[in-house]
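# Structure at a glance
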Amino acid sequence: MTERAHAAHAEGETGVWSGSWVAERLGVELAGDEALTGLLGLALRRNPKRAHLLVSNVLGKHVPQSPSVVYGHGVALGRRVRELLGAEAAEGAVVLGYAETATGLGHSVADGLGSAPYLHSTRRAVAGVARAGGFEESHSHATSHLLLPQDPALLAGDGPLVLVDDEFSTGNTVLNTIRALHERYPRKRYVVVALVDMRSPADAGRLDAFAGEIGARVDLVTTASGTVRLPPGVLEKGQELVARYEAPPVDPATEPTTEARTERTTEATPERTTEATSEPASGPTGGSPGAASPGSVERVELRWPHDVPDGGRHGFTAADRDRLESALPGMAARIADALPARARRVLVLGFEELMYAPLRLAQALEQAVGGDVDVRYSTTTRSPVLAVDDPGYAIRTRLVFPAHDDPADGPGERYAYNVAGAGFDAVIAVVDSAADTPALHAPDGLAARLAAHVPHVLLAVVPSYVPHASPAPQAPERPPMLPEPLRGPAFSSYAPDEVGWLLQDLSDVTLEAPTEEREEAIQSGGAHYAESLPVEYQPSEQYQELFHAALESSAARLARAVGAVTEVVLTERSPRPVLVSLARAGTPVGVLMRRWARFRHGLDLPHYAVSIVRGRGIDANALRWLADHHDPADVVFVDGWTGKGAITRELAAALRDFEVSDGVTGFDPEIAVLADPGSCVRTYGTRDDFLIPSACLNSTVSGLISRTVLRADLVGPHDFHGAKFYRELAGADLSPAFLDAVSARFPDVTESVDAHVKELLSADRTPTWEGWAAVERISEEYGIHDVNLVKPGVGETTRVMLRRVPWKVLARAGAGADLDHVRLLAEQRGVPVEEVADLPYTCVGLIHPQYTRGATGADGKAVTL
């Protein structure tokens, strides 16, 4: 294949569809508008969550394209949005683009819309800039998005919000975004914009249903629509292909010695694996024949206008746009003057999220040089994609180089696709000043990689914009060092490596009070439930027998849920998460998740336990300790189960407050739980409401640790929340037995976990909060009028029976052995059990409303103890 033919194919100009290679091998089909195959090609991801990659021919990310074509598609979409909204509504719109792929597209849509301000999400945390929000992109290789506007009011208006992504595939990312933003900044109208709408029929109706749920209008504007038809087993087949083509046998006698890493996989026969070649600029993948090797690297001074942002990371206004438009012709002229005289084919190469500035420079250069020079535009990316040198494959070559912008998530590979071998005489690499680091110029850096394949490399640096008026909030004064975590056997019966407790030891303080006394004080408003402890329940022999029977019958089910939630966390949240359990119900689950990660993956994950108190929030000192010792983005909060979701809401609110008070961003409020019967979270092992034996007991199944305590005379502003270690109950401790019984079943459930995880990862796990709705209904139907006195689920009902003054238990009709222990406790305490049809939980525990000792309850009857 000639250089020109290679380049032409990469841009969809040869008549061979650049998705045919994948389609033939995986059976993937594009169905829909005739324009789809012109807009999209196919490649294979190096991503365990999705096998294929839709490669856009007009986005300017993976495939070099004319900048006027790239910009024109975005502007055209923006004009359609303006027509949809009408001129008046368009004037009040805000445009939000997605990092990294759609930052330039979103900006172009904003230009087409008119005077709309623009903001894009980012994966680069910026010191001194508080986060205004964030969301998750579940199928991405890098999932966490931050929103860092210079002016938080940008997201707080009531005008239309226009959300722009390159493709609309499932709708999950958009729904996650709208849900997160609508909770804080509700508005009446949203418009979703994408180059292509590729939703499956099953996903097609979700947007309308979601709009009805939040009470807002949600429109969709796209260039083309269709769907991707995937045969069974496509993920596994795709992973097998990637593994085969990325691990070719290497003959030491012929292995290339050059340091320049270009990957270009070829296939001679259907049976043959691949070979990687590295070729210098003077070889067939380079630019002009006979060019020097390596090529030259020189800087070109842009003279970027002062105070014009490099993009929309912190917001981009109409005034910014006007100043940039005035400066573009001069900057393009300086680039044109720096090009070699014989250059006829030139690439402007942007950098990850920095897409708009290089795009506009490329467009201005295209206009400045006229038809004498073929100007193309693309950008580098974080996205790992297989390269195959075949006419029917969208990614022909891959340059690999290390990250050079000191990313918050640490070092890693970055890629430039379809650059080597595309016949470019010069490349103008445009980076921001934060990325103009020694790593960029290192022997294995981007500049050297480009110079190995292109005779002339020009480096243009755009100043990284940091808002002037956004000083980092000052953290409150505190001691320079917080204490190290408490560990067993000095504190708890867990082994020291199983969990570190970010708590203070209050074992020598008398905190217990009779249950009835605590209930009266709590309901009268005289005390908070976290200011004292209930007297530890001492189980009868019959109750202990029930616990052991429940553990025996449910150990495999528990092991399966533990494995599933851990695998989801490792896949979607972090490959090396820091588990932070919410003490104390979450702690046994955190220990089991840690054990699964070691059993299945050989990982030794950090695990800590922290206190969170309803109405008081999470322990801020514990968060400070975690932020000092770990990347907050790696922290995964863990709990045992959800009831109505009160702690889920509590954590989200507390983390927002912590961002404001301390200026620390990155903590994700999404809790990972073993069971989510209330449909309150996305990360869970099961949504069944079943008996988790660790809910049956108190400290004797939780490392002999009490529930946490927060009382002003015991916990100062610089202290961790407190808890007690009941050493005296060591003879009755079942904590190790519980953990070992579940862990012993790990080998038995491995296959079922794998199958269950596949179902979870492909399912719509958006929380419905149906549990909260049921609690509100029950609270009113039973005359309680306080959702805090309604405790749904087997675990929460058990807590009511052990710690509070129960009024009655509602049991789902036909509930079986999962309620044996609840029925026994109810019998012992004289509490009626009422069977109810259509209960969304297995059972619900009702705390006695309006409780005072000796008084009557809401039903007019005397309290029976």
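Predicted, not measured: the structure shown is a model, and the values here were computed from it. (Residues numbered from 1 in each chain as written. Predicted model: local features only at pLDDT ≥ 70, side-chain atom pairs only at ≥ 80, totals over all residues. Heavy atoms only, no water.)

## Things to note about helix α17 (residues 586-601)
Along an α-helix, residues three or four apart share an orientation, since each turn contains 3.6 residues. Test applied: Under the scheme used here, helices are H or I runs from DSSP no shorter than 4 residues and strands are E runs no shorter than 2 residues, and both carry numbers assigned from the N terminus. Each helix should span, by expectation, one fewer than its residue count multiplied by 1.5 Å. Relative accessibility under 20% of the residue-type maximum defines a buried residue, over 50% an exposed one, and the middle range a partly exposed one, all with a 1.4 Å probe and only protein chains included.
With 16 residues, α17 should reach 22 Å at 1.5 Å per residue; the first-to-last C-alpha distance of 22 Å fits that figure. Every buried residue belonging to α17 is among G586, T587, P588, V589, G590, V591, L592, M593, R594, W596 and A597, and all of these are buried. Just downstream of α17, G602 is the residue with a positive phi angle, here 70°.

## Some remarks on the packing of aromatic side chains
Put simply, the rule reads: Any two of the Phe, Tyr and Trp rings considered here, Trp counted by its six-membered ring, make a pair once their centres fall within 6.5 Å; the pair's planes then place it as stacked at under 30 degrees, edge-to-face at over 60, or tilted in between. Two conditions define a charge located above a ring, namely a distance within 6 Å from the ring centre to NZ of Lys or CZ of Arg, and an angle within 35 degrees of the ring normal.
Evaluated as defined, the whole model comprises 13 aromatic pairs. Note on F658 and F667: the rings are 6.1 Å apart at their centroids and 65° apart in plane angle, and the pair reads as edge-to-face. With relative accessibility at 4%, the residue F658 sits in the buried group. Here a set of aromatic residues connected by ring pairs shows up, and it is made of F491, Y494, W501 and F725. A cation over a ring is seen here: R360 above Y71, with NZ or CZ 4.4 Å from the ring centre. Note that K808 overlies the ring of W807, its terminal NZ or CZ placed 4.7 Å from the centroid.

## Remarks on the confidence of the model for the protein chain
The test is simple: Looking at any residue, its pLDDT shows the predictor's confidence there, from 0 to 100. Throughout, a residue-residue contact means that at least one pair of heavy atoms, one from each residue, lies within 4.5 Å.
The pLDDT averaged across the protein chain works out to 83; a share of 84% of its residues lies at or above 70. Below a pLDDT of 50 lies the segment residues 1-12, which in the model reaches 37 contacts outside its immediate sequence neighbourhood of four places, other chains included. Within the model, pLDDT remains below 50 along residues 853-865, and this stretch shows 21 contacts once partners closer than five positions in the same chain are excluded.

## Things to note about unusual backbone geometry
Outside of glycine, negative phi angles account for most residues, and trans bonds account for most peptide bonds. Note the cis peptide between G488 and P489, where omega equals 0°. Within the fold, P489 resides in the loop between β18 (456-462) and β19 (500-501). A cis amide bond, omega 0°, links A583 with the succeeding residue R584. Relative to the helices and strands, R584 resides in the loop between β23 (578-583) and α17. Unusually for a residue other than glycine, D307 sits at a positive phi of about 70°. One non-glycine residue, S679, lies in the positive phi region at around 50°. Classification of S679 as buried rests on a relative accessible area of 3%.

## Comments concerning the nonpolar core
Going by this rule: Put simply, buried Ala, Val, Leu, Ile, Met, Phe, Trp, Tyr and Cys residues joined by side-chain atoms within 4.5 Å make one nonpolar core.
With 137 residues, the main nonpolar core has Y393 and I428 as its most contacted residues. Apart from residues lying up to four places away in sequence, I428 is in contact with I335, L339, V346, L347, V348, L349, L365, L458 and A460. V499, L503, L533 and L734 belong to the second-largest nonpolar core, a separate cluster that totals 97 residues.

## Here's the deal with the packing of helix α16 (residues 541-572) against helix α20 (residues 735-743)
Put simply, the rule is: To get an axis, a line is fitted to the C-alpha atoms, and for a helix only the part in contact is used. The angle between two axes follows their N-to-C directions and goes from 0 to 180 degrees. Orientation labels follow simple angle bins: below 35 degrees gives roughly parallel, above 145 gives roughly antiparallel, 65 to 115 gives roughly perpendicular, and whatever is left gives oblique. Note: crossing handedness is left-handed where the near helix turns anticlockwise from the far helix by less than a right angle, and right-handed where it turns clockwise. The nonpolar class holds Ala, Val, Leu, Ile, Met, Phe, Trp, Tyr, Cys and Pro. Asp, Glu, Lys and Arg form the charged class, and all remaining residues, Gly among them, are polar.
Interaxial distance between α16 and α20 falls to 8 Å at its minimum, and their mutual angle equals 60°. When the interaxial angle is binned, α16 and α20 end up oblique. The hand of the α16/α20 crossing is right-handed. Between α16 and α20, the contacting residues are L551, A555, L558 and A559 on the first element and A737, F738, A741 and V742 on the second. Residues of the contact of α16 with α20, tallied by class, amount to eight nonpolar, no polar and no charged.

## Re the sheet that holds strand β4 (residues 94-97)
So the rule is basically this: Here, strands pair whenever DSSP counts at least two bridges between them.
Read across the open sheet, the six strands follow the order β1-β10-β9-β8-β4-β5; overall the sheet is mixed. Two strands lie at the open edges of the sheet, namely β1 (29-32) and β5 (118-120), each paired on one side alone. Adjacent strand axes in the sheet meet at a mean angle of 30° when their direction is disregarded. Bridge count between β4 and strand β8 (residues 161-168): four bridges; the pairing is parallel. Bridge assignment links V95 to a residue of β8, and that residue is V162. With respect to the sheet, helix α4 (residues 67-85) is in contact with β8, β9 (189-197) and β10 (217-229), its orientation differing from that of β10 by roughly 135°. The strands that helix α6 (residues 103-113) touches are β4, β5, β8 and β9; relative to β8, the one it contacts most, it runs at about 135°.

## Some points on the sheet that holds strand β17 (residues 426-432)
Taking strand neighbours across the sheet as the criterion, the five strands line up as β12-β18-β17-β13-β14 in an open arrangement whose pairing is parallel. Two strands in the sheet have a free side with no partner beyond their single neighbour: β12 (296-299) and β14 (374-380). The mean angle between the axes of side-by-side strands here comes to 20°, regardless of whether they run parallel or antiparallel. Alignment of β12 against β18, held across four bridges, turns out to be parallel. Note on β18: the bridge partner recorded for V297 is V457.

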